[in-house]
Amino acid sequence: MTTPIEPITGRKYRLLIDGRWQDASTAETFERRNPADGSLVATCPLATREDVDLAIAAARRAFDGGVWPQTGAKERSGLLRATADALRRESDYLTRLLVSEVGKTVREASVEVHMTADVFDYYAGLALDLRGDAISDYVPDTLGLVLKEPVGVVGIITPWNYPLQLAAWKIAPALAVGCTIVIKPSQFTPASTYELGRILLEAGAPPGVVNVVTGKAAVVGERIAASEAVDKVSFTGSTETGRRIMQLAASNVKKISLELGGKSPNIVFADADLDAAVPNALIGVYVNAGQICQAGSRLLLDRKIHDDFLDRFLKFTAALRVGNPADPQTQMGPLVSEGQLERVASYVAAGKEEGAKLVRGGARLGGEPYDRGHFFEPTVFDEARSGMRIAQEEIFGPVLSVITFEDADEALRIANETMYGLAAAIWSKDIDKVMRLVRGIKAGSVWVNSYHGSRIPHMPFGGYKQSGIGRELGREGLEPFLETKSVQIKFA
């Protein structure tokens, strides 16, 4: 494909509550516009607290009445499998929607759609393999059973950067074990979530099992987190918002899963394969315009290779094609909103003020084709120090901070010098050194001689420290949606 794809425009959506599409109770709506050119992508309902309560009540009835938790594993698996099949059938349309709504490149959007389908397929398999345990031989007259049961009604609050994929990480395991759900997507990416809700409904989700409500975080998100009719909240977003959800969830001590921010170190030693490490570092920080929680936004370079590595990296960065995300030749699209662009620009200003050396980018892109969108240059700061804001705070944009180190001890210390602990990467051929850092780095995901993984799918994902609570994906991704019940049966 070499010609630009056709953007999605003018879609209109309604709330999905109890298997029906309906307007918000006030009939108010909001618009989502394309971050590349400002065109109208979708008009969506602005839900009220009362609308949210209706959605929660529908999910509550579907759970308490046994509509979904008492459905057999084969049927639950079938729903997930049918959803995966539909996602693949509609991949071209959904790719166009992600390009239009998020500003992703065509390639990134297509990959997200297919990875979303893979997640539903994966949990369709696990739905057929749910199991507890039995203790049969401890004493002769008693049988012990460990039962796994669905936690109940789950509130799901998702971000805008990967609206389909991150929703699937929560929806698929929740439905696999028998939970019912109420989903609130970001106001920047409502359309993709409504389409996913439609696909689930068409795949056979009974009324009340899947509900989608859109609106302001202070109304919809807070009501979901605080409602005593919700048993669990699963959230992906900023650490600041995660703290607020923890406070609200305390109302009924509901269970929470939080996947929060990151400031991940990408550590390159002198013995690394630079031919692989340099392009991987580019992908690590600039994929999705840097709007990814596990971005390798701190590049830690062994002083002995600093100049060579940075010279190569800047040449790659200069060749990066930034532009219309609908053009398949584009390698980096716009930021999601004007507010996000202003945030990134403020961090560039802070980096300069604190004495980091701006060696590439640092400004909004102007002129055609950039004037109507939120485009920012791929940006590189050299001579950053670990205490600087650009090396401590999550920017969520295409900004890289380069920090040098002398030895493995210093690299490990710098890597752990943030409140975050989401991801990290280590580049070296010395297995002893690698394993020492693997054990020492406080992060939920560590890649060795790659960034963003090496094609092993569905490994558990989550963070240490203030990067979150709990894990998603893998078998571990089922546990947050399950209760454990111990049963002892004494024989008569």
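Computed from a predicted model, the values in this text were never measured in an experiment.

Asks: Looking at this structure, how should I read the overall build of the chain?
Replies: Each helix and strand counted, the chain has 14 helices and 23 strands in total. Against the compact-globule benchmark of 23 Å for 492 residues, the chain has a radius of gyration of 23 Å, which places it among compact chains. The principal-axis extent of the C-alpha atoms belonging to the chain is close to 75 × 60 × 40 Å. Per-residue burial for the chain yields a buried fraction of 57% across its 492 residues. Partitioning the intrachain contacts of the chain with sequence separation of at least 6 by distance along the chain shows that 75% fall at a separation of at least 24. Accessible surface computed for the chain: about 19800 Å², of which carbon and sulfur atoms make up 51%.

Asks: It is not clear to me how the environment of Ile171 should be interpreted in this structure. Could you clarify?
Replies: Considering the arrangement of structural elements, one finds Ile171 in helix H5 (residues 165-177). Once the C-alpha coordinates of Ile171 and Ile156 are considered, the two residues, 15 residues apart in sequence, prove to be 7.8 Å apart. The residues contacting Ile171, other than those within four sequence positions of it, are Phe120, Ile156, Ile181, Ile183, Leu196 and Leu200.

Asks: How do you make sense of the pattern of salt bridges when you look at a structure like this?
Replies: Between side chains of opposite charge, pairing is possible as soon as their charged atoms come close. According to the stated counting rule, one finds 34 salt bridges in the structure shown. For Asp121, the salt bridge identified is with Arg88, shortest N-O distance 2.8 Å. Taken together, the positions of Asp121 in helix H4 (residues 106-127) and Arg88 in helix H2 (residues 73-89) put the pair 33 residues apart, joining distant regions of the chain. Asp121 sits in the buried class, given a relative accessible area of 18%. Arg88 sits in the partly exposed class, given a relative accessible area of 29%.

Asks: Is there a simple way to think about the nonpolar core in this case?
Replies: A general tendency of soluble globular proteins is for nonpolar side chains to be buried together. Membership of the largest hydrophobic core comes to 97 residues, with the highest contact counts inside it found for Phe120, Tyr123, Ile171, Leu175, Ile181 and Val213. Of all hydrophobic cores here, the second largest spans 61 residues; its members include Leu335, Phe375, Phe376 and Ala424.

Asks: When you look at the side chain of Asp18 in this model, what are you seeing that I'm missing?
Replies: Assignment of secondary structure puts Asp18 in the loop between strand E2 (15-17) and strand E3 (20-22). On the basis of relative accessible area, Asp18 is assigned to the buried category, the value being 16%.

Asks: Explain the packing of helix H7 (residues 217-226) against helix H8 (residues 239-249) here, please?
Replies: In a pair of packed helices, the angle between the axes and the distance between the axes together describe the arrangement. H8 packs onto H7 with a crossing angle of 45° between their chain directions and a minimal axis gap of 7 Å. Comparing the axis directions of H7 and H8 gives the class oblique. Contact with H7, carried on its side by Glu222, Ala225 and Ala226, involves Arg244, Ile245, Leu248 and Ala249 of H8 and no other residues of that element. The class makeup of the residues in the contact of H7 with H8 is 5 nonpolar, no polar and 2 charged.

Asks: Honestly, the sheet that holds strand E14 (residues 298-302) in this entry has me stumped. Any pointers?
Replies: Strand pairing in a sheet relies on backbone hydrogen bonds. The paired strands run either parallel or antiparallel. Pairing is mixed across the open sheet formed by 7 strands, whose spatial order is E15-E16-E17-E14-E13-E19-E20. With partners counted over all chains shown, the strands left at the sheet margins are strand E15 (357-360) and strand E20 (445-448), one partner each. Recorded for the sheet is a direction-independent mean angle of 20° between the axes of neighbouring strands. Here strand E13 (residues 265-268) pairs with strand E19 (residues 423-427) via 3 bridges, running parallel. Across the sheet, residue Ile267 finds its bridge partner in E19, namely Ile426. Those strands touched by helix H9 (residues 274-286) are E13, E14, strand E16 (379-382), strand E17 (399-405) and E19, and its axis lies near 135° from that of E17.

Asks: Would you mind showing me how to read the pairing of E19 here?
Replies: For E19, the tally of buried residues reaches 5 of 5 residues, placing the bulk of the element in the interior. Pairing analysis gives 4 bridges linking E19 to E20, with the strands arranged parallel. Each residue of the ladder has a partner; that of Ala424, found in E20, is Val446. Since E19 and E20 lie parallel, the crossover through helix H14 (residues 431-440) that links them has a hand, and here it is right-handed.

Asks: What should I look at first to understand the packing of aromatic side chains in this one?
Replies: Aromatic ring pairs are described here by two measures, namely the spacing of the ring centres and the angle between the planes. On inspection of all chains with the given rule, the structure shows 10 aromatic pairs. Where Trp21 meets Tyr194, the ring centres are 6.2 Å apart and the plane angle is 55°; that geometry is what we call tilted. Of the two residues, Trp21 sits in strand E3 while Tyr194 sits in helix H6 (residues 190-203), which places them 173 residues apart along the sequence. Judged by centre distance (5.3 Å) and plane angle (65°), the ring pair of Trp169 and Phe461 falls under edge-to-face. With Trp169 in helix H5 and Phe461 in the loop between E20 and strand E21 (464-465), the pair connects residues that are 292 residues apart, well separated along the chain. You'll find Trp169 and Phe461 in the same group, each marked buried. Three or more aromatic residues joined by ring pairs form one cluster here, namely Tyr13, Trp21 and Tyr194.

Asks: Can you walk me through H9 in this structure?
Replies: Count 3.6 residues to each turn of an α-helix, and residues three or four apart come out pointing the same way. With 13 residues, H9 ought to run about 18 Å at 1.5 Å a step, and its terminal C-alpha atoms sit 18 Å apart, in line with that. Of the positions making up H9, those classed as buried are Leu274, Ala277, Val278, Asn280, Ala281, Leu282, Gly284, Val285 and Tyr286. The N-cap residue of H9 is Asp273: its side-chain oxygen and the backbone nitrogen of Asp275 are 3.1 Å apart. Following H9 by one or two positions, Asn288 has its phi on the positive side, about 55°.

Criteria and cut-off values
- Residues numbered from 1 in each chain as written.
- Predicted model: local features only at pLDDT ≥ 70, side-chain atom pairs only at ≥ 80, totals over all residues.
- Heavy atoms only, no water.
- Helix = DSSP H or I, 4+ residues; strand = E, 2+ residues; numbered from the N terminus.
- Rg over C-alpha atoms; globule rule 2.2 N^0.38 Å.
- Buried < 20%, exposed > 50% of the residue type's maximum accessible area, 1.4 Å probe, protein only.
- Contact = heavy atoms within 4.5 Å.
- Areas by Shrake-Rupley, 256 points an atom, 1.4 Å probe, with all protein chains shown as cover.
- Salt bridge = Lys/Arg side-chain N within 4 Å of Asp/Glu carboxyl O.
- Core = buried A, V, L, I, M, F, W, Y, C linked by side-chain atoms within 4.5 Å.
- Axes fitted to C-alpha atoms, helices over the stretch in contact; angles between N-to-C directions.
- Parallel < 35°, antiparallel > 145°, perpendicular 65-115°, else oblique.
- Nonpolar A, V, L, I, M, F, W, Y, C, P; charged D, E, K, R; others polar.
- Pairing = 2+ DSSP bridges.
- Right-handed = clockwise from strand over helix to strand, strands pointing away.
- Phe/Tyr/Trp six-rings, centres within 6.5 Å; stacked < 30°, edge-to-face > 60°.
- Expected span 1.5 Å × (residues − 1).
- Polar contact = N/O pair within 3.5 Å; in protein donor to acceptor, adjacent residues only side chain to side chain.

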